[in-house]
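# Breakdown of the fold
Residue strings, one per chain:
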Amino acid sequence: MTEAAGHANDAPAHVTGAPDHVTDLPDHVTGAPDHVTGAPDHAPDTPDFVTETRLFYDTVAEEYAVQFGDLRPGTPLDRGVLHGFAGLVGVGGEVADLGCGPGRVTAYLASQGLSVFGLDLSESMLAIARRENPGLRFEQGSMLELDLPDGSLDGVVAWYSIIHTPEEHLPALFAGFHRVLRPGGHLLLGFQCGVEPRRYEEAFGHQVSVTFRRGRPERVGALLSGAGFTVRATTVREPDETRGEPVAQASLVARKPAD
């Protein structure tokens, strides 16, 4: 979810990869001038959007987990996509849930027989994930800098966790996903459809900033192809108004070609 991850409305899930998925944030998240309050010092080579995303989810983690606690994976269609991905990977397949947020997608994938661990930028989100899923492994890190050997995974999931990454950074991000997958491995992405980013300067009563970026499935698919993937499935579902989703939701399954 954060990268944080996973959400379907434009709301935090995750960049650290946005597990679970996000809808447009509710009324208590409002716009304001561009600034990040209390942003910590960070290494000069860390992109500003990564630092901002980490701060955002570290600040709102507990409120976020309560507000969106029953959303992910909350619809039969979303569960169907995740279930189908698990079937492609196969029981026992080694999978990374990048931007896992509170770990709800990680737990679902584990229930499907995958050997899965979660990775997220936000230590606060990871604390919730570990608390709710004591039998699963969760690690702190950035999906932009994966500390994993080449060809070490059968699957990679970024379920609503690419939504804070500017498009100019997506080719490098997707190249990293490609690197860590074994030949024949699968990638699953989830994100909101659209082109206009949504900027928030307040969330859950906290003065903290983040930008949610939507995507066009055909454009994301083209970027995946450019990174060496073969897109196997594209799914677009209409927004679920009962969950506060303002736009259509997309998922893409892609495969790293076998040698």
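The structure reproduced in this document is the subject of the present report. (Residues numbered from 1 in each chain as written. Predicted model: local features only at pLDDT ≥ 70, side-chain atom pairs only at ≥ 80, totals over all residues. Heavy atoms only, no water.)

### Here's the deal with the overall build of the protein
In terms of regular secondary structure, the protein is built from six helices and 13 strands. Here the protein displays about 10,000 Å² of accessible surface, and carbon together with sulfur accounts for 51% of that area. (Helix = DSSP H or I, 4+ residues; strand = E, 2+ residues; numbered from the N terminus. Areas by Shrake-Rupley, 256 points an atom, 1.4 Å probe, with all protein chains shown as cover.)

### Looking at the nonpolar core
Of all hydrophobic cores here, the largest spans 47 residues; its most connected members are Ile162, Phe174, Phe177, Leu189 and Leu224. In terms of residue count, the dominant contributor to this core is helix α1 (residues 48–67) (seven residues). Residue contacts for Phe177: discarding those within four places in its chain leaves Leu98, Met143, Leu146, Val156, Ala158, Leu187, Leu189 and Phe229. Within the second largest apolar cluster, 16 residues are counted, among which are Ala86, Val95, Val105 and Leu114. (Core = buried A, V, L, I, M, F, W, Y, C linked by side-chain atoms within 4.5 Å. Buried < 20%, exposed > 50% of the residue type's maximum accessible area, 1.4 Å probe, protein only. Contact = heavy atoms within 4.5 Å.)

### A closer look at the packing of aromatic side chains
Applying the stated rule across the entire model yields five aromatic pairs. When the centroid spacing of 5.3 Å and the interplanar angle of 85° are considered together, the rings of Trp159 and Tyr160 count as edge-to-face. Residue classification places Tyr160 among the buried residues on the basis of a relative accessible area of 1%. Seen from their ring centres, Phe174 and Phe177 are 6.1 Å apart, and the 40° between their planes marks the pair as tilted. Here Phe174 pairs with Phe177, and both are found in helix α5 (residues 170–180), just three residues apart, close to one helical turn. In this pair, the class of Phe174 matches that of Phe177, namely buried. Through pairs of rings, three or more aromatic residues link up here, namely Phe56, Tyr57 and Tyr64. For the cation-ring pair, Arg137 lies above Phe117, with the distance from its terminal atom to the ring centre recorded as 4.2 Å. (Phe/Tyr/Trp six-rings, centres within 6.5 Å; stacked < 30°, edge-to-face > 60°. Lys NZ or Arg CZ within 6 Å of the ring centre and 35° of its normal.)

### Let's talk about the pattern of salt bridges
Counted under the stated rule, the structure contains 13 salt bridges. For Arg130, the salt bridge is made with Glu123, and the minimal N-O distance between the two is 3.7 Å. Classification of Glu123 as partly exposed rests on a relative accessible area of 42%. What emerges from the salt-bridge pattern is a single network uniting Glu52, Arg199 and Glu201. (Salt bridge = Lys/Arg side-chain N within 4 Å of Asp/Glu carboxyl O.)

### As for the packing of helix α2 (residues 76–89) against helix α3 (residues 104–111)
For the pair α2 and α3, the least separation of the axes is 10 Å and the interaxial angle reads 50°. The orientation of α2 relative to α3 falls into the category oblique. Of the two possible hands of crossing, α2 and α3 adopt the one that is right-handed. Together, Arg79, Leu82, His83 and Phe85 of α2 and Val105, Tyr108 and Leu109 of α3 make up the contact between the two elements. Tallied by class, residues from the contact of α2 with α3 come to five nonpolar, one polar and one charged. (Axes fitted to C-alpha atoms, helices over the stretch in contact; angles between N-to-C directions. Parallel < 35°, antiparallel > 145°, perpendicular 65-115°, else oblique. Left-handed = near helix turned anticlockwise from the far one by under 90°. Nonpolar A, V, L, I, M, F, W, Y, C, P; charged D, E, K, R; others polar.)

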